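Structural overview
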Amino acid sequence: MSVLVITGTGTDVGKTVVVAALAALAAADGRRVAVLKPAQTGIAPGEPGDLAEVTRLAGNVTTKELRRYPDPLAPATAARRAGQPTVHPSEAAAAASALNETHDLVLVEGAGGLLVRFDDEGTTIADTAWALNAPVLVVAHASLGTLNTTALTAEALLRRGLESVGVVIGRWPADPDLAARCNLQDLPEVAGAPLLGVLPDGAAALARPDFLDLARSSLSPWFGGTFDPEKFAAPHAC
Ligand SMILES: Nc1ncnc2c1ncn2[C@@H]1O[C@H](COP(=O)(O)OP(=O)(O)OP(=O)(O)O)[C@@H](O)[C@H]1O
Ligand SMILES: [Mg+2]
């Protein structure tokens, strides 16, 4: 795996924090890491966006943003309102491929969920993943409702012939309720893919060395971490 597309079951599920954790781990293992954000919305020019958050948490990684739109809307809608050009999947894929020439791992973060539109043709981050023949990681939230949105995302990936490598919970609550605890068991079932990590709530507030330690314990050996879904679930009986 050298290019990985990170999508989510929606906006604000913690995609960026998960990207930062993946980047931090890979960089600590000596890999050259790049993070591509094809379209950043809801941020004015000069303001820190998702990539600034990744750099703050993960440190020395290459970052590239292709387009930025001020309105906090889907990229297609935000581009239309701003009168700015959209990002075509071929452009995003070309940018990821170029980064892949000089890096060991390229992480591509979508905007919002899988089927959020990037242009008025209706292209999505799924088309970028397809163009790159890249696997997709799904970030989900922990609470009630996540089984449905995760299942819908998995079905949409399957229908498009995309490989889902697994699911990561972006923000595990300090005091998980019954739904969150039961979801640990059910999420991989509905996703048709393993649970590859659980980032605790509060992760984004940590300083860099602590964030790296947390990334290691929160992500699967698949990503160079030590997370074991069965061990994690054991004290969270449902
Ligand atoms: N594990 C966490 N601990 C603390 N804060 C978190 C965590 N995960 C996410 N957050 C916070 O929640 C907010 C949304 O998270 P994030 O930006 O990662 O979501 P996203 O899925 O990347 O959203 P977008 O679709 O806008 O890119 C941010 O303010 C972030 O700092
Ligand atoms: Mg984000």
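As a reminder, the structure under discussion sits directly above these lines.
Read on for an overview of the structure. (Residues numbered from 1 in each chain as written. Chains lettered and ligands numbered in written order. Predicted model: local features only at pLDDT ≥ 70, side-chain atom pairs only at ≥ 80, totals over all residues. Heavy atoms only, no water.)

Moving on to unusual backbone geometry. The backbone phi angle of Asp12 is positive, close to 65°, even though this residue is not glycine. Counting through the fold element by element, Asp12 comes out in the loop between strand S1 (3-8) and helix H1 (15-28). With a phi close to 55°, Asn133 is a non-glycine residue in the positive phi region. Within the element layout of this structure, Asn133 appears in the loop between helix H5 (125-132) and strand S5 (136-140). Looking at Asn133, the relative accessible area reads 70%, which means it is exposed. (Helix = DSSP H or I, 4+ residues; strand = E, 2+ residues; numbered from the N terminus. Buried < 20%, exposed > 50% of the residue type's maximum accessible area, 1.4 Å probe, protein only.)

Before going further, it helps to examine the environment of Gly42. The residue Gly42 is located in the loop between strand S2 (33-41) and helix H2 (50-58) in this model. Apart from residues no more than four positions distant in its own chain, Gly42 is found in contact with Tyr69, Pro70, Asp71 and Pro72. (Contact = heavy atoms within 4.5 Å.)

Turning next to the pattern of salt bridges. For the structure shown, the criterion picks out ten salt bridges. Residue Asp50 pairs with Lys37 through a salt bridge whose shortest N-O separation is 2.9 Å. Of this pair, Asp50 sits in helix H2 while Lys37 sits in strand S2, and the two are 13 residues apart along the sequence. Per residue, the accessibility class of Asp50 equals that of Lys37, and both read buried. For Asp201, the salt bridge identified is with Arg171, shortest N-O distance 3.1 Å. Note that Asp201 is positioned in the loop between strand S7 (195-200) and helix H8 (208-218) and Arg171 in strand S6 (residues 164-172), a separation of 30 residues in sequence. Classification of Asp201 as partly exposed rests on a relative accessible area of 46%. (Salt bridge = Lys/Arg side-chain N within 4 Å of Asp/Glu carboxyl O.)

Moving on to the sheet that holds strand S3 (residues 62-69). If you trace the seven strands from one edge of the open sheet to the other, you get S3-S2-S4-S1-S5-S6-S7, paired in parallel fashion. Only two strands of the sheet have a single neighbouring strand rather than two, namely S3 and S7. The average undirected angle you get between the axes of adjacent strands in this sheet is 20°. Across four bridges, the pairing between S2 and strand S4 (residues 105-109) is parallel. Within the sheet, the bridge partner assigned to Leu36 lies in S4 and is Val108. Contacting S1, S2, S4 and S5, H5 crosses the sheet at an angle of about 165° to S1. Running at roughly 165° to S5, helix H6 (residues 146-159) makes contact with S1, S5 and S6 of the sheet. (Pairing = 2+ DSSP bridges. Axes fitted to C-alpha atoms, helices over the stretch in contact; angles between N-to-C directions.)

So, about the state of the cysteines. Per the counting criterion, the structure on display carries one disulfide. Note that Cys182 is cross-linked by a disulfide to Cys238, the S-S spacing being 2.0 Å. Disulfide Cys182-Cys238: torsion about the S-S bond near 95°, hence right-handed. In this pair, Cys182 is assigned in helix H7 (residues 178-191) and Cys238 in the segment after helix H9 (229-233), connecting sequence segments 56 residues apart. Using a relative accessible area of 54% as the deciding quantity, one classes Cys238 as exposed. (Disulfide = S-S within 2.5 Å.)

The next point concerns the packing of H6 against H7. H7 packs onto H6 with a crossing angle of 20° between their chain directions and a minimal axis gap of 8 Å. As far as their axial angle goes, H7 and H6 are roughly parallel. The chirality of how H6 crosses H7 is right-handed. Together, Thr146, Leu147, Thr150, Ala151 and Ala154 of H6 and Asn183, Asp186, Leu187, Val190 and Ala191 of H7 make up the contact between the two elements. Classifying every residue of the contact of H6 with H7 gives six nonpolar, three polar and one charged. (Parallel < 35°, antiparallel > 145°, perpendicular 65-115°, else oblique. Left-handed = near helix turned anticlockwise from the far one by under 90°. Nonpolar A, V, L, I, M, F, W, Y, C, P; charged D, E, K, R; others polar.)

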